[in-house]
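# Overview (structure and organization)
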Amino acid sequence: MASTPSPAPGRLKPTDRPPGDRLPSSQNSHQPSRRAAAVTLVAMCLGAMTTFLLITASVSALSAIQDDLHVSPTGLVWIPSAYTLLVASLVMSAGTIGNLYGRKRAFLAGAAVMIIGSLTVYTAGSTGGVIAGQLVSGLGGALILPNSLAILGAAFPDPHRRTEVVTAWAAASGIGLAAGPLIAGTLLDHFHWNTVFLSTAALAVVTMAAAVFVAESRGPAGRLDIPGQILAALGIAALVYALIEGGHDGYTSPRILIAWFVAAAALSGFVLVERAARTPMLDVGLFRSASFSAVMFAAAVSLFGFTGVAILSVLFYERVQHLSALDVGWRLLAFFGVYVVVAYATGRVIRRTGFKLPLTVGFLVGAAATAGFTTLEPTTPYARVWWLYVLFGAASGMVAAPSTAAALVSVSHERAGMASGAVNAFRQIGSVTGSALLGALLASRLRSRLPDRLDAHHVPRAAWPAVEHAVSTGTGGHGATPPNVTAAVGDAFTSGVHVGMTVVAAVFLCAALVSALLVRNRPHHITGTATATTN
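Residues numbered from 1 in each chain as written. Predicted model: local features only at pLDDT ≥ 70, side-chain atom pairs only at ≥ 80, totals over all residues. Heavy atoms only, no water.

### Observations concerning the overall build of the protein chain
What counts is decided by this rule: Helix and strand assignments follow DSSP, with helices taken as H or I runs no shorter than four residues and strands as E runs no shorter than two, numbered in order from the N terminus. A simple rule labels every residue: compare its accessible area, found with a 1.4 Å probe on the protein chains alone, to the largest value its type can have, and call it buried under 20%, exposed over 50%, or partly exposed in between. Throughout, a contact is declared for two residues whenever any of their heavy atoms are within 4.5 Å.
Of the regular secondary structure elements, the protein chain holds 17 helices and 2 strands. Relative to its full complement of 535 residues, the protein chain shows a buried share of 59%. Put simply, of all contacts in the protein chain between residues at least 6 apart along the chain, 85% involve residues at least 24 apart.

### Overview of helix H7 (residues 159-190)
Put simply, the rule reads: How far a helix is expected to stretch is found by multiplying one less than its residue total by 1.5 Å. The bend at a residue is defined as the angle formed between two axes, one fitted to the seven residues ending at that residue and one fitted to the seven starting there.
Helix length check: H7, at 32 residues, gives a terminal C-alpha distance of 47 Å against a target of 46 Å (1.5 Å per residue), a fit within 8%. Within H7, the axis deviates most sharply at Ala179, by approximately 30 degrees, and proline Pro181 lies no more than four positions further along. Counting buried residues in H7 gives 24 out of 32 residues, a clear majority hidden from the surface.

### What about the packing of helix H3 (residues 62-69) against helix H11 (residues 290-320)?
The cut-off we apply is this: Note on geometry: axes are lines fitted to C-alpha atoms, helical ones only across the stretch in contact, with angles between N-to-C directions running from 0 to 180 degrees. Oblique is the label for any angle not under 35 degrees, not over 145, and not in the 65 to 115 range, which are roughly parallel, roughly antiparallel and roughly perpendicular in turn. Residue type decides the class: Asp, Glu, Lys and Arg count as charged, Ala, Val, Leu, Ile, Met, Phe, Trp, Tyr, Cys and Pro as nonpolar, and the leftover types, Gly among them, as polar.
Running from N to C, H3 and H11 cross one another at 50 degrees; their axes reach a closest spacing of 9 Å. Considering the angle they form, H3 stands oblique to H11. Contact with H3, carried on its side by Leu62, Ser63, Gln66 and Asp67, involves Leu315, Glu318 and Arg319 of H11 and no other residues of that element. Looking at the contact of H3 with H11 residue by residue, the class counts come to 2 nonpolar, 2 polar and 3 charged.

### With respect to the environment of Tyr339
Within the secondary structure, Tyr339 is located in helix H12 (residues 325-353). Residue classification places Tyr339 among the buried residues on the basis of a relative accessible area of 4%. Taking C-alpha positions, Tyr339 is 8.1 Å from Val390, a pair spaced 51 residues apart along the chain. Contact partners of Tyr339, with chain neighbours within four places excluded, come to Ala170, Ser173, Gly174, Leu177, Phe306, Gly393, Ser396, Gly397 and Ala400.

### Considering unusual backbone geometry
Although it is not a glycine, His322 adopts a positive phi angle of roughly 55 degrees. With respect to the helices and strands, His322 occurs in the loop between H11 and H12. The exposure class assigned to His322 is partly exposed, which follows from its relative accessible area of 37%. In this structure, His458 is a non-glycine residue whose phi angle is positive, near 60 degrees. Counting through the fold element by element, His458 comes out in the loop between helix H15 (416-456) and helix H16 (464-473). When its relative accessible area of 68% is taken as the criterion, His458 is described as exposed.

### Structural notes on the side chain of Asp225
The criterion, for reference: Think of a polar contact as two N or O atoms within 3.5 Å of one another; within protein, one of them needs to be a possible hydrogen donor and the other a possible acceptor, and neighboring residues in sequence only count if both atoms come from side chains.
When you line up the elements, Asp225 lands in the loop between helix H8 (198-211) and helix H9 (226-249). Asp225 gets classed as buried once you look at its relative accessible area, which sits at 7%. Reaching out from Asp225, the side chain makes a polar contact with the backbone nitrogen of Gly228 at a distance of 3.1 Å.

### Concerning the pattern of salt bridges
Selection criterion: Salt bridges are defined as contacts in which a side-chain nitrogen from Lys or Arg sits within 4 Å of a carboxyl oxygen from Asp or Glu.
Tallied over the full model, the rule gives 6 salt bridges. Residues Asp452 and Arg449 are paired through a salt bridge, measuring 3.5 Å at the closest nitrogen-oxygen approach. In this pair, Asp452 and Arg449 are both assigned in helix H15, 3 residues apart and thus about one turn of the helix distant. Taking the relative accessible area as the measure of exposure, Asp452 reaches 36% and is therefore partly exposed. Taking the relative accessible area as the measure of exposure, Arg449 reaches 28% and is therefore partly exposed. Notably, a salt bridge pairs Asp491 with Arg453, separated by 3.4 Å at the nearest N-O pair. In this pair, Asp491 is assigned in helix H17 (residues 483-518) and Arg453 in helix H15, connecting sequence segments 38 residues apart. Salt bridges sharing partners connect three or more residues here, namely Arg449, Asp452, Arg453 and Asp491.

This is the structure in structure tokens:
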């Protein structure tokens, strides 16, 4: 597909900056110095690393947490989901807080809150304490993510330069994702599982030290949209509750049906409130652009698959093949490491390729890789599937930078903060949906397939209730388990992994189609609710 030239950087002049974007006078008149720009980029990348490190570090510690606290499969899904639930619910309001009170202040506050949340998990002695700490950390992550992107947008107003730094930001998030399993595995080999969460606290301290030297900036004047925030949080929380608990109770059980209704009503109310608000948290008029809507969908799907495949893979290797967390971390390095490299490289070539090509190809490659994972068996050696992790890492890298950068350059400069909040919200909604839905499907499939697999492996029927109880409550131990029981549980667990991978492949195919048909191949600009495009 031939690409038309992208808009020249010179089209955006210093005088084009809207008066509402209140920056220090030194930044209004000229670009920041190279040193200041470098410090800003490093600090914001460290913030991204911190927020994403927690995701994979906590996932890597799930088996150790389950063994120690006897967490049920459904309860286990809540541990990573609690963090992303809070991020997804609050990220847009967090961007508004940064616009009103200072993005740097909000960013620093987020890092401090993440330290508090990590220390809460460190001291936790129950599942409830772990989930509570994850919720606190989610508040910190919500403050960091949109404000880090908005700070970069203010420091680098040129659209092409902004794409490059957003690419570096996305790659830094990948480094955090890649480092999480290795750090967690190393700590789990020598210490108790709760020390894993100290790694997030330590990186947050370093982040705060670097961010002290970042210039303050604010966005357009406005106010917090309290009704919109309440409805958004209620809708997302009800949706996640229905996805997780429905895997245990059934998606049509009475209380789950109530949760579906609450989610639909709250999210519908959110749209109505935002349309009527004078200063909305999210201008729903932006979604009149089919391309902007497609980019939001792509951003959600990218994290849906990324988080889902990471969780399914970690649990498969730890629970089925009984590998240590560090061994799993090394195996997943092929996934996360390739993601970092490809994400950075893709961001560098977006200017020549546009957004459509890497998004479409990335989702197609990701669908093929996850389809390949459905061939996994309990005894499948890593040597036979490592290349699938390389493919999926490359696919995720191809969609990370375009989906983020396209959102920021799709809106007028004064709406960069809103766009960063929107893309982060959709990414985190995808992440929490991935962990919730795929985790619930895994737990549900494990329970439904277990009796059949116990029968196939000739486990005496008298032993079935004890095995099913151990699986449902997370109280099983590997050491004293008979080989045929271990094989039966492994088969049932692997069947759940297959279901999850099939869902990811199907969703990625849908995203590829949407990207090919609706995403504009070059940056387009939206002013207010009117759209002007260049293609």
